[in-house]
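What follows is each chain in one-letter form.
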Amino acid sequence: MRTEQSKTIYLKDYQVPDYLIDETHLTFELFEDHSLVHAQLVMRRNPEAGAGLPPLVLDGQQLELLELKLDDRELGEGDYSLTASHLTLQPTQERFVVDSSVRIHPESNTALEGLYKSGTMFCTQCEAEGFRKITFYLDRPDVMSKFTTTVSAEQHAYPVLLSNGNPVASGSEEGGRHWATWEDPFKKPAYLFALVAGDLWCVEDSFTTMSSREVALRIYVEPENIDKVQHAMDSLKRSMKWDEEVYGREYDLDIFMIVAVNDFNMGAMENKGLNIFNSSCVLAKAETATDAAHQRVEAVVAHEYFHNWSGNRVTCRDWFQLSLKEGFTVFRDSEFSADTHSRTVKRIEDVAYLRTHQFAEDAGPMAHPVRPDAYMEISNFYTLTIYEKGSEVLRMIHTLLGPELFRKGSDLYFERHDGQAVTCDDFVKAMEDASGIDLTQFKRWYTQAGTPRLQVSEAYDASAQTYSLTFRQSCPATPGQSEKLPFVIPLALGLLDAQGNELPLRLQGEATASGTGRVLSITEAEQTFTFEGIAEQPLPSLLRGFSAPVKLSFPYSRDQLMFLMQHDSDGFNRWEAGQQLSVQVLQELIGQYQRGEELALDQRLVEALRTLLLDESLDQAMVAEMLSLPGEAYLTEISEVADVEAIHEAREFARLQLAAALYTPLLARYQANRDVSRATPYVAEAAHFARRSLQNIALSYLMLSQQAEVLAACVEQFENADNMTERLAALAVLVNSPFEAERSKALAMFADFFKDDALVMDQWFSVQAGSPLPGGLERVHALMQHEAFTLKNPNKVRALIGAFANQNLINFHQADGSGYRFLADQVITLNALNPQIASRLLAPLTRWRKYAPARQAQMKAELERILASGELSSDVYEVVSKSLA
Ligand code: 0A1
Ligand code: ZN
């Protein structure tokens, strides 16, 4: 709760630690109604911190201090001071040993931070500041220590006892207890500490590293999930190989473990040698997990594994540097996924996600730079900006340097800083030193918040055969930053002639053309680039591959967009042209709706999509992506004032019209793909993802026709599919359909069949929470009473309440404000149970500025109500107070 932590912490106040901890020896005694933690800290004065012996201030929260010793001398109450968050004592020499014993209560820890119980299992989550809830410590990432951990617990209930590093000893105690000792040879900050005790089974495999070392790989799960681990294991081995091949990074311990945990605030955690995962990011098999879930498991396994170098071997100096490890590691995992499956599809997915969600964050009250300079509660800064925009910043460095120099830079970074806790500046410096490229101005991407706008205009001079592009960049004000300086914007582009061929590109002053596609580096607020030898008016293809996270505008006509959709050699930009065309058409419909006019869909969109559907030579995943109209959340983000009803009605109208006009080709593609699905066993690979995605989006359009043959096909797919991708898609379509009887039957069948599988039930909750049919809030209320629902499990909260507030915009934004009231009620309840989840759940209410005055007032009133509701956690307090400021 809000103690002294709700004060703001500033990057400019950073100071090196006064003391260092060379060795950390921990002993845990785990019991059902409490646990005891004994810590021996071998410490010394930090030589970099100056002279004298200042007081030693250890972090510690919710710890019952039982015993404290300094160099074997028992300390009495007068020898130290204790507050709700710190223990202060006075060292008398440069080197000393602190011993402490504390009692903690993992069994009643619902915040899921520190040591807690998930079901019957003990587990930990220490990032960012959870370790201080385990023992008194210097809980900051620049204090790195060698850990030895002994865990003791009752043997029958907790046969498996794990911690970081290598197992070095184990044995039995009297009274049916046993113990195990683990030693981690690598220095690490406390946030990478982990402990697990439980009744777990494991799947074991091995990996031979590039220097021929054999590494044991183990994935631990609850016994009933042992058949859902193979996909994660295969993903792990692919990740280990990829990191050797692409970054030259080898694994460094003899054993690598993953443990699946049901109650977990985030996706997973990269603890050294002992990754702890939300079970939703490990468990996957065809029958219970969708294609999207399989891809997420693969990506998260890769992400956590890659942290072993980008995060663990080289870690962050302080939490303002969080993107140093997160932006870099997201970039690494997205490149891994691109190399493993389809690069273009992965880029489309990432960009669609970034533009919908990160751009909204960047335009909202919590907007912050990739390297923030102030925070109240660090848990609130595990954001899309730190992760996704941080990854875009890394991608831009990669684009500016090219792959060889980028690799030289990453090699230098890892070599120079191995075993250190460093800053984003250190990373950029390594990139500069390895490449010889000056990134001084580029670093504004780390310090300035907000999404830059890039306005582009063109001028063609037929007589001089020159074509000029003028770029004007600006960036809106964000909290605490009213003025922005120009960014370095790498802009990949090509020019197309009337046949769709790429023109050779020669800039004024250059002797020869350097190929057809190139990257311009835009550095000024306004800048013109002139291409010479351009014999006809070209059509520019701009920001290829989304080479910078900006909002680009160029006055394309709809016909030009259709041309780019067909001819652009850049797959991403073909999709992007389709999106821009759809946005133009949908915005026209939104205007018609607002003016009370009859809606009329531009038939060019219908014809463009028909052409795609009829072309069987195209990548099916691309066709599916092109058929997916921009979502309501994205249409909200790009609106000046979001009109919830108009956006929903316009988009639904377009879908209906497309479904009717394209019924025949949609049905043909659907049937052909379903036939293949029926005859093919499930495979988690790109071509199969592609086939199923086109099949399922076709089905969702077809059902809008309400034809009996489609209903029959949908029910057939629901009942007979051998995989969750097809089954869930059919269920979702039924849930959103007017076929009441079929819907209820399918929901009941599904729940009956999967009632014992928590992750599948999450999907069952989500599908219903997301249904735009009227009465959404009542359905969510009813589902909260279902026996499988509990507010104590973050996955359940996200699946039901999160899906309702984030994906069911028409129901959440009910004009009577009931959706807002509901969300605020849940936030108030969760504030006491799990502050991190409460504060994340709150995000939709913070976006009140996007809406018309009536909704603004309702949303603000709910934020005020939360603020006045009593003792708030620092997590919730920071988000609410900043969004009302
Ligand atoms: N570092 C982990 C995710 C993570 C972040 C914060 C947490 O608590 C505030 C927990 C986990 C990752 O990037 O995977
Ligand atoms: Zn991460």
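Residues numbered from 1 in each chain as written. Chains lettered and ligands numbered in written order. Predicted model: local features only at pLDDT ≥ 70, side-chain atom pairs only at ≥ 80, totals over all residues. Heavy atoms only, no water.

Regarding its fold elements, the chain presents 27 helices and 31 strands. Its C-alpha atoms give the chain a radius of gyration of 28 Å, within 12% of the compact-globule value 29 Å for 885 residues. C-alpha extents for the chain along the principal axes are approximately 85 × 70 × 60 Å. Residues classed as buried in the chain amount to 59% of the 885 residues present. Intrachain contacts of the chain at a sequence separation of at least 6 include 70% that bridge at least 24 residues. Only carbon and sulfur atoms are counted for the fraction: they give 50% of the accessible area of the chain, which is about 32900 Å². (Helix = DSSP H or I, 4+ residues; strand = E, 2+ residues; numbered from the N terminus. Rg over C-alpha atoms; globule rule 2.2 N^0.38 Å. Buried < 20%, exposed > 50% of the residue type's maximum accessible area, 1.4 Å probe, protein only. Contact = heavy atoms within 4.5 Å. Areas by Shrake-Rupley, 256 points an atom, 1.4 Å probe, with all protein chains shown as cover.)

A word on the site of ligand 1. Neighbouring residues of ligand 1: 16 residues in total, closest Glu127, Glu270, Glu304, Glu326 and Tyr387. Between an oxygen atom of ligand 1 and a side-chain N or O atom of Glu304, the distance comes to 2.5 Å. At 2.7 Å, a side-chain N or O of Tyr387 approaches an oxygen atom of ligand 1. A total of 370 Å² of accessible area belongs to ligand 1 in isolation, and the protein chains cover 96% of it. (Near = heavy atom within 4 Å. Polar contact = N/O pair within 3.5 Å; in protein donor to acceptor, adjacent residues only side chain to side chain.)

With mixed pairing, four strands are arranged side by side in an open sheet as E29-E26-E25-E31. Edge positions in the open sheet fall to strand E29 (526-532) and strand E31 (551-553), since each of these has one partner strand only. Averaged over all adjacent pairs, the angle separating strand axes in this sheet is 20°, with direction ignored. Two strands pair when backbone bridges link them, and strand E25 (residues 453-461) and strand E26 (residues 466-474) are joined in this way by nine bridges, in the antiparallel orientation. Bridge pairing in E26 links Ser457 to Thr470. (Pairing = 2+ DSSP bridges. Axes fitted to C-alpha atoms, helices over the stretch in contact; angles between N-to-C directions.)

Moving on: the UniProt feature "domain: Peptidase M1 alanyl aminopeptidase Ig-like fold" (unreviewed entry) in the chain. Mapped onto this numbering, the UniProt entry gives "domain: Peptidase M1 alanyl aminopeptidase Ig-like fold" (unreviewed entry) at residues 450-553. Strand forms 43% of residues 450-553 and helix 0%; the C-alpha atoms that close the span are 17 Å apart. (UniProt positions renumbered as here; feature names shortened; annotations may be inferred.)

Time to look at the coordination of the zinc ion (ligand 2). All of the protein donors around the zinc ion (ligand 2) are His303 (NE2), His307 (NE2) and Glu326 (OE); their distances to the metal are 1.9 to 2.0 Å. In this structure, the zinc ion (ligand 2) is surrounded by four donor atoms whose angles at the metal cover 98 to 127°, and the resulting shape is tetrahedral. Sequence positions of the residues that donate to the zinc ion (ligand 2) give the spacing H-x3-H-x18-E. Taken together, the residues span a long stretch of sequence, with His303 in helix H2 (residues 291-306) and Glu326 in helix H3 (residues 322-340) at a distance of 23 residues. Overall, the relative accessible area of 1% leaves Glu326 in the buried class. (Donors = N, O, S within 2.8 Å, 3.2 Å for Na, K, Ca; no water. Tetrahedral: all angles 85-135°; square planar, octahedral: opposite > 155°, others 65-115°.)

Running from N to C, helix H10 (residues 603-614) and helix H11 (residues 620-627) point in directions that differ by 160°, and their axes come no closer than 10 Å. Comparing their axes, H11 and H10 come out roughly antiparallel. For the element pair H10 and H11, the recorded crossing hand is left-handed. Taken together, the residues of H11 that come into contact with H10 (itself represented by Leu609, Leu612 and Leu613) are Val623, Met626 and Leu627. Across the contact of H10 with H11, the residue classes break down as six nonpolar, no polar and no charged. (Parallel < 35°, antiparallel > 145°, perpendicular 65-115°, else oblique. Left-handed = near helix turned anticlockwise from the far one by under 90°. Nonpolar A, V, L, I, M, F, W, Y, C, P; charged D, E, K, R; others polar.)

This paragraph deals with the UniProt feature "domain: Aminopeptidase N-like N-terminal" (unreviewed entry) in the chain. This chain's UniProt record puts "domain: Aminopeptidase N-like N-terminal" (unreviewed entry) on residues 109-192. Structurally, residues 109-192 comprises 0% helix and 51% strand, and the distance from its first C-alpha atom to its last is 19 Å.

This brings us to the nonpolar core. In terms of nonpolar packing, the biggest core is built from 276 residues, with Phe28, Phe427, Phe531, Leu731 and Leu845 touching the most fellow members. Take this core: its biggest share by element is ten residues, from helix H5 (residues 384-417). In this structure, Leu845 is in contact with Phe812, Tyr820, Leu823, Ala824, Met859, Glu862, Leu863 and Ile866, ignoring residues within four places of it in sequence. (Core = buried A, V, L, I, M, F, W, Y, C linked by side-chain atoms within 4.5 Å.)

Summed over the entire model, instances satisfying the criterion amount to zero disulfides. There is no disulfide at Cys126, and the cysteine sulfur nearest it, in Cys123, is 10 Å away. Of the residues examined, Cys126 reaches a relative accessible area of 0% and is grouped as buried. (Disulfide = S-S within 2.5 Å.)

The next point concerns the sheet that holds strand E27 (residues 489-496). Pairing within the open sheet is antiparallel, and its three strands lie in the order E28-E27-E30. A single partner strand is all that each edge strand has here, and the edge strands are strand E28 (518-522) and strand E30 (539-542). Ignoring strand direction, the axes of neighbouring strands in this sheet form an average angle of 40°. Direction of pairing for E27 relative to E28: antiparallel, over a ladder of five bridges. Bridge pairing in E28 links Ile489 to Ile522. Against the sheet, helix H8 (residues 558-567) contacts E27 and E30, and its axis sits at roughly 65° relative to E30.

In this section: the packing of helix H21 (residues 794-807) against helix H23 (residues 818-833). Contact geometry for H21 and H23: axes closest at 10 Å, N-to-C directions at 145°. The chirality of how H21 crosses H23 is left-handed. Packed against H21, whose contacting residues are Val797, Ile801, Phe804 and Ala805, the element H23 presents Gly819, Phe822, Leu823, Gln826 and Leu830 at the interface. Considered class by class, the residues forming the contact of H21 with H23 number seven nonpolar, two polar and no charged.

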